[in-house]
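Summary of structural features
Each chain is listed here by its residues.
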Amino acid sequence: MKFSTRRDIDLAAEGLFRTASNFDAIERLLVRRGATVRRLDDLAAPGVGMRWLIGFDWRGRHREVTAEVAQLDAPEVVVIKGSSDQFDLMIRMTVVALTRAKSRLIFETEAHPRSMKARLMLQTAKLGKAQLDRKFARRVGDFIAQLAAGEHA
């Protein structure tokens, strides 16, 4: 299942990319939302190979996702690949400069099932895809706004 949204933001492309790839701020944001985040690599600078173990509660069960930066092409693309016991995940953030002071973030997420149970869960979710798309777009907007506010604070 794939989700995608586009957000036009009043930031230069470099600033938006810096915000979208600020992994320390993303870690803090996840912790504030109740997730546990543990870094699995020892890289000093942000780059390909950064890995995390992210734990969270969802629908009454504890879940864990291992995430890794698979591509980091400044100032345009960040790709994070992840896996859990049920799904393989891919998050792709692409920054496109519209003007000197405005840019667009294209945020895409794909989930591929790893089991029959996960496949059934996705098939059921597809029935409410329009509502899920709206929630996804709103949450991505909130996420970027919180990251941008933290960078300017």
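Throughout, a residue's number is its position along its own chain's written sequence, starting from 1. Only residues with pLDDT of at least 70 are given local features in this predicted model, and only at 80 or more are side-chain atom pairs given and counted; all residues enter the totals for whole chains, interfaces and linings. Neither water nor hydrogens contribute to the side-chain values; these are computed over all heavy atoms in the structure.

Our focus in this paragraph is the side chain of Gln86. Structurally, Gln86 is set in the loop between β5 (77-83) and β6 (87-97). Relative accessible area decides the class of each residue, using a 1.4 Å probe on protein chains only: under 20% of the type maximum gives buried, over 50% gives exposed, and in between gives partly exposed. Residue class for Gln86 comes out buried when judged on its relative accessible area of 13%. A polar atom in the side chain of Gln86 sits 3.1 Å from the side chain of Ser115. Helix and strand definitions here come from DSSP, where helices need a minimum of 4 consecutive H or I residues and strands a minimum of 2 consecutive E residues; each element is numbered from the N-terminal end. Pairs of N or O atoms within 3.5 Å make up the polar contacts considered here, provided that, within protein, one atom can donate a hydrogen while the other can accept it, and that residues adjacent in sequence are counted only when both atoms are side-chain atoms.

Turning our attention to helix α1 (residues 13-20). Burial of α1 is extensive: 6 of the 8 residues sit out of reach of the surface. Ala13, Gly15, Leu16, Phe17, Thr19 and Ala20 are the residues of α1 that are buried.

For Phe, Tyr and Trp, rings pair up if their centres lie within 6.5 Å, where Trp contributes its six-membered ring, and each pair is then called stacked (planes under 30 degrees apart), edge-to-face (over 60) or tilted (otherwise). Taken as a whole and assessed by the stated rule, the structure comprises 4 aromatic pairs. An angle of 45° between the planes, with centres 5.5 Å apart, marks the rings of Phe23 and Trp52 as tilted. Highlighted residues: Phe23 in helix α2 (residues 23-32) and Trp52 in strand β3 (residues 51-58), separated in sequence by 29 residues. Residue classification places Phe23 among the buried residues on the basis of a relative accessible area of 4%. Residue classification places Trp52 among the buried residues on the basis of a relative accessible area of 6%. Centre to centre, the rings of Phe107 and Phe143 are 6.4 Å apart; their planes meet at 75°, and the pair counts as edge-to-face. With Phe107 in strand β7 (residues 103-113) and Phe143 in helix α4 (residues 129-152), this residue pair connects regions lying 36 residues apart in the sequence.

A few words now on the sheet that holds strand β4 (residues 61-73). Criterion used throughout: strands pair if DSSP finds at least two bridges between them. Judged by pairing direction, the sheet is antiparallel, and its 7 strands sit side by side in the order β1-β7-β6-β5-β4-β3-β2 without closing on themselves. Strand pairing shows two members of the sheet lacking a second neighbour, β1 (2-9) and β2 (36-39), which therefore form its edges. Put simply, the sheet's adjacent strands are angled 20° from each other on average, direction ignored. Where β5 lies against β6, 7 bridges are found, and the strand directions are antiparallel. Among the inter-strand pairings, Val77 is bridged to a residue of β6, identified as Thr94. The contact criterion used is simple: two residues touch if any of their non-hydrogen atoms lie within 4.5 Å. To get an axis, fit a line to the C-alpha atoms, keeping to the stretch in contact for a helix; angles then go from 0 to 180 degrees between the N-to-C directions. On top of the sheet, α1 reaches β1, β4, β5, β6 and β7; it is set at about 160° to β6, its chief contact.

Let us now look at the nonpolar core. In this description, a nonpolar core means a group of buried Ala, Val, Leu, Ile, Met, Phe, Trp, Tyr and Cys residues linked to one another through side-chain atoms lying within 4.5 Å. Within the largest apolar cluster, 33 residues are counted, with the highest numbers of intra-cluster contacts made by Phe23, Leu105 and Ile144. It is α4 that contributes the most residues to this core, 5 residues altogether. Beyond its immediate sequence surroundings of up to four residues, Ile144 is in contact with Ile9, Leu16, Thr19 and Leu105.

With that settled, the discussion passes to the pattern of salt bridges. Here a salt bridge means any side-chain nitrogen of Lys or Arg lying within 4 Å of a carboxyl oxygen belonging to Asp or Glu. All chains considered together, the criterion is met by 7 salt bridges. When the shortest N-O distance is used, the salt bridge between Arg104 and Asp8 registers 2.7 Å. Of this pair, Arg104 sits in strand β7 while Asp8 sits in strand β1, and the two are 96 residues apart along the sequence. Judged by its relative accessible area of 26%, Arg104 falls in the partly exposed class. A relative accessible area of 43% means that Asp8 is categorised as partly exposed. Look at the salt bridges and you will find they share partners, linking Lys2, Arg92 and Glu108 into a network.

Functional significance is not addressed by these values, which are geometric in nature.
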